[in-house]
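Understanding the architecture of this molecule
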Amino acid sequence: MAKLTLSDLRKLRDEKQKAMEKRDPSNKDAQIIVGMGTCGIAAGAKETFNAIIEELDAKGITHVLVRQTGCMGLCHSEPTVEVVVPNMPVVIYGNVDAATGKKIVNDHIVNKKLIDKHICDKPAMDIVR
Amino acid sequence: MGYKQYILVCGGTACESNQGIALFSALKKAVEEHGLVNDVQVVRTGCLGFCEKGPIVKVLPQDTFYVEVKPEDAEVLIKEHIIKGRVVSRLLYDKNQSKLNVGIEGIDFYQKQFRIVLRNCGVIDPDKIDEYIARDGYKALEKALFEMKPQDVIDEVSKSGLRGRGGAGFPTGKKWSFAAVQPAGQKYMVCNADEGDPGAYMDRSTLEGDPHSVLEAMIIAGYAIGADKGYVYIRAEYPLAIQRLETAIAQATEYGLLGEDILGSGFSFTIEIRLGAGAFVCGEETALLASIEGKRGMPTPRPPFPAVKGLWGRPTVINNVETLANIPVVLLKGGAWFSKIGTATSKGTKVFALTGKINNSGLIEVPMGTTLREIIFDIGGGIRGGKAFKAAQTGGPSGGMIPPQFLDTPIDYENLSKIGSIMGSGGLIVMDEDDCIPDIAKFYLDFTVDESCGKCAPCRIGGRKLLNYLIKICNGEGSYEDIDNMKEISEAMARASLCGLGQTASNPVQSSLRYFMDEYKEHIDAKKCRAGKCKNLLCYSIITPKCVGCTACARVCPVNAIAGERKQPHVIDAAKCIKCGQCFEVCKFHAVARS
């Protein structure tokens, strides 16, 4: 890379900052948890997982922690995705394909609206934080 | 498509020497084998501070904190944590946790810490300038070059109350302004990375974990005082720090953050590394400058101070690594913000290398004014093996021994000197009941006698004399006259030595005579060493009724001083015994007595 000018440096910082924020645990207030047991993966949870990450990247959202977990027990409606957003009920969505994954990012995370057709359950009381 | 998970592996010297490099490669290999190269990034970072439990691995963004990870654990970590999303409990610091997000919040070690200097250590990859830039790196430089005049920079640093972290605690802003007011012309900015106290590794870890923070500060300092040339004086015994520094300088030069016309501001600055041969005295600023000039590392009297007449006779500012690492934060957050942290006279934080008889040895950063008790018992996890705390030594061989009655003294420059020690560069060695105070004083004097350059008589002769008296006392041949002589020599050395090395070399003696006179008395009167460290005062014997005749002691004795039939009580021949203590260690029946 050639020598930077002031504006180059600022641009570079903005870019890299976004990349670094993704791994910073302290600024995460919302969580998307994808069930990735054998049942989930067989039903396409990996595609869902990738779609969610891609959509978050595309929208420049960094405050959401995306993680995977084991089977949630709802094998009939895999892939399942649990979404935890402050001041909203904790929800488990069922049958979340890649497109619905993107919808979760846009509707639930950005617009703070639940997605009617896919709500499957709310987590059992003992695992609600 | 970005990475989904990040595995941070500690790349500090402590962890690397503990199979950390093999672990890093094993993790990378496992990631490749499982086809996760595009999903998981393995990052090697600087020291995470928790050296006691190294190698440390942190998985982000879940913030899972694994300790004592071995290369053979890599496969399990990838398979379980990364692929299946299940935490590997046996590698957690608290083995009872099972949730994925058990981060540093759950570990007492990090609770009382406040990280300014170590802000990026263990967070970024020190070999990647982009990661430093992402963490507001070179933003303070931007601010200084385009929004501030050199005098504004100095004012801001003065306002922060930042004082030199190398030991003496001279106000940094004042030092800069002395050099700044010198007539324009060739000036130099030097970074003192000649860390030499036994047990101290703060500066090494800072350079290893975040080299750019020091480079950025040097450029800013150069701008403030009107210097266009900088040197980092670092000891050749720090190969990893040197390598990361070289990489950092090359990257900053490539980006135009070093060199001609930085960021188009018209200001130019270059940095060169100068390697020292590891002489303790070269940490003293005038000796350091002599060494850079290619001369023997010997101090010269001050004044003239280096800020007026330094390197090659030109005005030179010398700052310690830790002092410099504070500078970018001072400029970005403001001197007023910085001055709110700490005590009335000592602002900001201090990094300590916590070592000795402590459970969690490691690298910590605490606000000034934190007490020794908080550092040793809350962060350090107390004394190893539940033994009793005897003393803490700050400031390495230049500091004093701090007895238990001062555990609750808030640590700052003034308080430490009041109780006979110094802040020093940040080594903190904890001693327990098994340490003999005259023996420790002897160890430090041995070090300073070795490291004295020999130029001035008080240090060269006084140090040797002090050491001889201590050897006499530890051999049980000391007298009260020796103690009086030691006190007199100590005072003379402190007053008449040419540089800091000689002036402070007697601190371990003076402080221990002040607080632990009873132990000296025991050595002189009763010829007794309560810690069992002074070999000449020890006598090993076998308690006949307890001895079952297992022959374990006789087999381990290197000089065949123990005799006895099988299943019959043994006897130690005191004339042959070399007091190595191996029989004492090996006896399962507590039948060997040490007195």
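Since we're looking at a predicted model, the values are computed, not measured.

1. Here we look at the overall build of chain B
- What chain B contains, in helices and strands, is 23 helices and 17 strands.
- Here the C-alpha atoms of chain B give a radius of gyration of 27 Å, agreeing with the 25 Å that 2.2 N^0.38 yields for 595 residues.
- Across its three principal directions, the C-alpha atoms of chain B cover 85 × 65 × 40 Å.
- Going through the 595 residues of chain B one by one, you find that 55% of them count as buried.

2. Thoughts on the sheet that holds strand β3 (residues 57-60) of chain B
Residue and element names in this part refer to chain B.
- Taking strand neighbours across the sheet as the criterion, the four strands line up as β2-β1-β3-β4 in an open arrangement whose pairing is mixed. Looking along the sheet, the strands with just one partner apiece sit at the ends: β2 (40-45) and β4 (64-66). When strand polarity is set aside, the average angle formed by the axes of neighbouring strands in this sheet is 20°.
- In this structure, β3 lies alongside β4, joined through three bridges in antiparallel fashion.

3. Re the interface of chain B and chain A
- Taken together, the contacts link 27 residues of chain B with 27 residues of chain A.
- Every element with two or more residues in the side of chain B that touches chain A is listed here: α4 (129-134) and α5 (139-147) of chain B.
- Here the element with the most residues in the side of chain B that touches chain A is α4(B); it accounts for four residues.
- In terms of residue class, the side of chain B that touches chain A is built from 11 nonpolar, six polar and 10 charged.

4. A short note on the sheet that holds strand β12 (residues 401-402) of chain B
All names here are of chain B.
- Read from one edge of the open sheet, five strands run β10-β9-β13-β11-β12, paired in mixed fashion. Only two strands of the sheet have a single partner each, and these edge strands are β10 (362-367) and β12.
- Pairing of strand β11 (residues 389-394) with strand β13 (residues 427-432), which is carried by five bridges, proceeds in the antiparallel orientation. Bridge pairing links Phe 389 to Asp 432 in β13.

5. With respect to unusual backbone geometry
- For the peptide bond that leads from A:Glu78 to A:Pro79, omega is -10°, which places it in the cis range.
- One can find A:Pro79 in the loop between β2 (64-69) and β3 (81-84).
- With an omega of 5°, the peptide bond between B:Pro303 and B:Pro304 qualifies as cis.
- Structurally, B:Pro304 is set in the loop between α11 (285-292) and β8 (316-320).

6. So, the nonpolar core
- One finds B:Leu27, B:Met218, B:Ile220 and B:Ala221 to be the most contacted residues of the largest nonpolar core, which totals 175 residues.
- The greatest single-element share of this core, amounting to 10 residues, is contributed by helix α9 (residues 211-225) of chain B.
- Once you skip the residues sitting within four places of it in the chain, B:Leu27 turns out to touch B:Ile7, B:Val9, B:Val42 and B:Ala74.
- A:Leu65, A:Ile92, A:Val96 and A:Val105 belong to the second largest nonpolar core, which has 26 residues in total.

7. Observations regarding the domain arrangement of chain B
- Once the domains are mapped, chain B shows domain 1 (5-107), domain 2 (129-339), domain 3 (349-432), domain 4 (437-526) and domain 5 (538-594).
- Here the C-alpha centre of domain 5 of chain B lies 58 Å away from the C-alpha centre of domain 2 of chain B.

8. Quick notes on the packing of helix α18 (residues 480-496) of chain B against helix α20 (residues 507-515) of chain B
Residues and elements named next belong to chain B.
- Put simply, α18 and α20 touch, their axes get as near as 10 Å, and they point 135° apart. One way to sum up the angle between α18 and α20 is to call them oblique. The hand of the α18/α20 crossing is left-handed. From α18, Ile 483, Met 486, Lys 487 and Ser 490 reach across to α20, where they touch Val 509, Gln 510 and Leu 513.

9. Description of the environment of A:Ala51
Residues and elements named next belong to chain A.
- Tracing the backbone shows Ala 51 in helix α3 (residues 45-59).
- Taking the C-alpha atoms as reference, Ala 51 lies 6.2 Å from Lys 102; in sequence the two are 51 residues apart.
- Once you skip the residues sitting within four places of it in the chain, Ala 51 turns out to touch Ala 98, Gly 101 and Lys 102.

10. Remarks on the packing of helix α6 (residues 150-160) of chain B against α9(B)
All names here are of chain B.
- One can describe the packing of α6 onto α9 by two numbers: an axis separation of 7 Å at closest approach and a directional angle of 120°. The orientation of α6 relative to α9 falls into the category oblique. For the element pair α6 and α9, the recorded crossing hand is left-handed. Residues Pro 150, Val 153 and Ile 154 of α6 pack against Ile 220, Tyr 223 and Ala 224 of α9.
- Its residues assigned to classes, the contact of α6 with α9 shows six nonpolar, no polar and no charged.

11. Notes on the pairing of strand β6 (residues 229-235) of chain B
Residues and elements named next belong to chain B.
- Most of β6 sits out of view: six of its seven residues are buried.
- In the sheet, strand β5 (residues 188-193) pairs with β6 via six bridges, with the strands oriented parallel. Among the inter-strand pairings, Met 189 is bridged to a residue of β6, identified as Gly 230.
- Where β6 lies against strand β7 (residues 270-276), seven bridges are found, and the strand directions are parallel. Across the sheet, residue Lys 229 finds its bridge partner in β7, namely Thr 270.
- Remark: the β6/helix α10 (residues 239-254)/β7 crossover connection has right-handed handedness.

12. Brief notes about the environment of B:Asn18
- In this structure, B:Asn18 sits in helix α1 (residues 13-33).
- Along the sequence, B:Asn18 and B:Arg530 sit 512 residues apart, while their C-alpha atoms lie 35 Å from each other.

13. So, helix α21 (residues 517-526) of chain B
Residues and elements named next belong to chain B.
- Those residues of α21 lying buried are Glu 519, Tyr 520 and His 523. End-on, the buried residues of α21 take up no more than an arc of 105°, which puts them together on one face. Facing away from the buried side of α21, by more than 90 degrees, are the exposed residues Met 517, Asp 518, Asp 525 and Ala 526.
- Packed against the buried residues of α21 are α16 (437-451), α17 (457-474), α18 and α20.
- Immediately beyond the C-terminal end of α21, within one or two residues, lies Lys 527, with a positive phi of roughly 50°.

14. Examining the confidence of the model for chain B
- Summary statistics for chain B give a mean pLDDT of 91 and a share of 97% for residues scoring 70 or more.
- Predicted complex metrics record ipTM = 0.78 and pTM = 0.85.

15. Details of α16(B)
- In this model, α16(B) (15 residues) spans 21 Å end to end at C-alpha, consistent with the 21 Å of a helix rising 1.5 Å per residue.
- Of the positions making up α16(B), those classed as buried are B:Ile437, B:Pro438, B:Ile440, B:Ala441, B:Lys442, B:Tyr444, B:Leu445, B:Phe447 and B:Thr448.

Parameters at a glance
Residues numbered from 1 in each chain as written. Chains lettered and ligands numbered in written order. Predicted model: local features only at pLDDT ≥ 70, side-chain atom pairs only at ≥ 80, totals over all residues. Helix = DSSP H or I, 4+ residues; strand = E, 2+ residues; numbered from the N terminus. Rg over C-alpha atoms; globule rule 2.2 N^0.38 Å. Buried ≥ 20, exposed ≤ 12 C-beta atoms within 10 Å, placed from the backbone. Pairing = 2+ DSSP bridges. Axes fitted to C-alpha atoms, helices over the stretch in contact; angles between N-to-C directions. Contact = placed C-beta atoms within 7 Å. Nonpolar A, V, L, I, M, F, W, Y, C, P; charged D, E, K, R; others polar. Core = buried A, V, L, I, M, F, W, Y, C linked by C-beta atoms within 7 Å. Domains from an automatic or database assignment. Parallel < 35°, antiparallel > 145°, perpendicular 65-115°, else oblique. Left-handed = near helix turned anticlockwise from the far one by under 90°. Right-handed = clockwise from strand over helix to strand, strands pointing away. Arc of directions from axis to C-beta. pLDDT = per-residue confidence, 0-100. Expected span 1.5 Å × (residues − 1).

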